[in-house]
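# Inside the fold
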Amino acid sequence: QVELVESGGGLAQVGGSLRLACAASISIFRINGVAWYRQAPGNEREQVASMRRDGTTTYRDSVKGRFTISRDNAKNTVYLQMNSLKPEDTAMYYCAAAADGGVSWGQGTQVTVSS
């Protein structure tokens, strides 16, 4: 099982930026794919962005052009750069990793966007 630790959440103004980090306990090359999810109160958890081992990325439509998923192989860390933040981006953000036949989740980091 992979241990994942998220960081970087906090309070941002509308139009501002935050960068989330997800540090993995194993080499990122052992991970088949990593994804960022978010869940707002009363809503279902939704996938925001993902990156496969080969570097292929996907984004949900509402964040395309504003969010960027990337990784630092040396640090075994995946990032989510969030720009042009909107109030509807407010949620708990989680990273998830598929590796060794299972899926692991981090504890989450809160992002709050104020207008």
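The coordinates are above.
Computed from a predicted model, the values in this text were never measured in an experiment.

## Describing the overall build of the chain
Each helix and strand counted, the chain has zero helices and eleven strands in total. Ordering the α and β elements of the chain from the N terminus gives β-β-β-β-β-β-β-β-β-β-β. What you see for the chain is a C-alpha radius of gyration of 13 Å, in line with the 13 Å of a compact globule of 115 residues. Overall size of the chain, expressed as C-alpha extent along the three principal axes, is 40 × 25 × 25 Å. Residue burial in the chain is summarised as follows: out of 115 residues, 42% are buried.

## Section: the state of the cysteines
A full pass over the atoms with the stated rule returns one disulfide. For Cys22, the disulfide goes to Cys95, at an S-S distance of 2.0 Å. Judged by the sign of its S-S torsion, about 65°, the bond between Cys22 and Cys95 is right-handed. A residue pair is termed long-range when its members are at least 10 positions apart, and Cys22 in strand 3 (residues 18-24) and Cys95 in strand 9 (residues 91-99) qualify at 73 residues. Here Cys22 and Cys95 have matching classes, each one buried.

## What to know about the pattern of salt bridges
Under the definition given, this model contains six salt bridges. Where Asp89 meets Arg38, a salt bridge forms, and the shortest distance between an N and an O atom there is 3.0 Å. Here Asp89, found in the loop between strand 8 (77-82) and strand 9, pairs with Arg38, found in strand 4 (residues 33-39); they are 51 residues apart in sequence, far enough to count as distant. Across the pair, Arg38 and Asp89 agree in class, each one buried. For Glu46, the salt bridge identified is with Arg60, shortest N-O distance 3.5 Å. In this pair, Glu46 is assigned in strand 5 (residues 46-52) and Arg60 in the loop between strand 6 (57-59) and strand 7 (67-72), connecting sequence segments 14 residues apart. By relative accessible area, which is 26% here, Glu46 ends up partly exposed. Judged by relative accessible area, Arg60 falls into the partly exposed class, the value being 29%. Within the structure, one salt-bridge network assembled from shared partners comprises Arg38, Glu46, Arg60, Arg66 and Asp89.

## A word on the environment of Lys75
Looking at the secondary structure, you find Lys75 in the loop between strand 7 and strand 8. Separated by 48 residues in sequence, Lys75 and Ser27 have C-alpha atoms that sit 8.5 Å apart.

## Quick look at the packing of aromatic side chains
This structure, assessed with the given rule, holds one aromatic pair. Taking the centre distance of 4.9 Å and the plane angle of 55° together, the rings of Tyr37 and Trp105 count as tilted. With Tyr37 in strand 4 and Trp105 in strand 10 (residues 102-105), this pair connects stretches of sequence that are 68 residues apart. Of note, Arg19 hangs over the ring of Tyr79, and the distance from its end group to the ring centre comes to 4.1 Å. Sitting over the ring of Trp105, Arg45 keeps its end group 4.7 Å from the ring centre.

Definitions and limits used
Residues numbered from 1 in each chain as written. Predicted model: local features only at pLDDT ≥ 70, side-chain atom pairs only at ≥ 80, totals over all residues. Heavy atoms only, no water. Helix = DSSP H or I, 4+ residues; strand = E, 2+ residues; numbered from the N terminus. Rg over C-alpha atoms; globule rule 2.2 N^0.38 Å. Buried < 20%, exposed > 50% of the residue type's maximum accessible area, 1.4 Å probe, protein only. Disulfide = S-S within 2.5 Å. Salt bridge = Lys/Arg side-chain N within 4 Å of Asp/Glu carboxyl O. Phe/Tyr/Trp six-rings, centres within 6.5 Å; stacked < 30°, edge-to-face > 60°. Lys NZ or Arg CZ within 6 Å of the ring centre and 35° of its normal.

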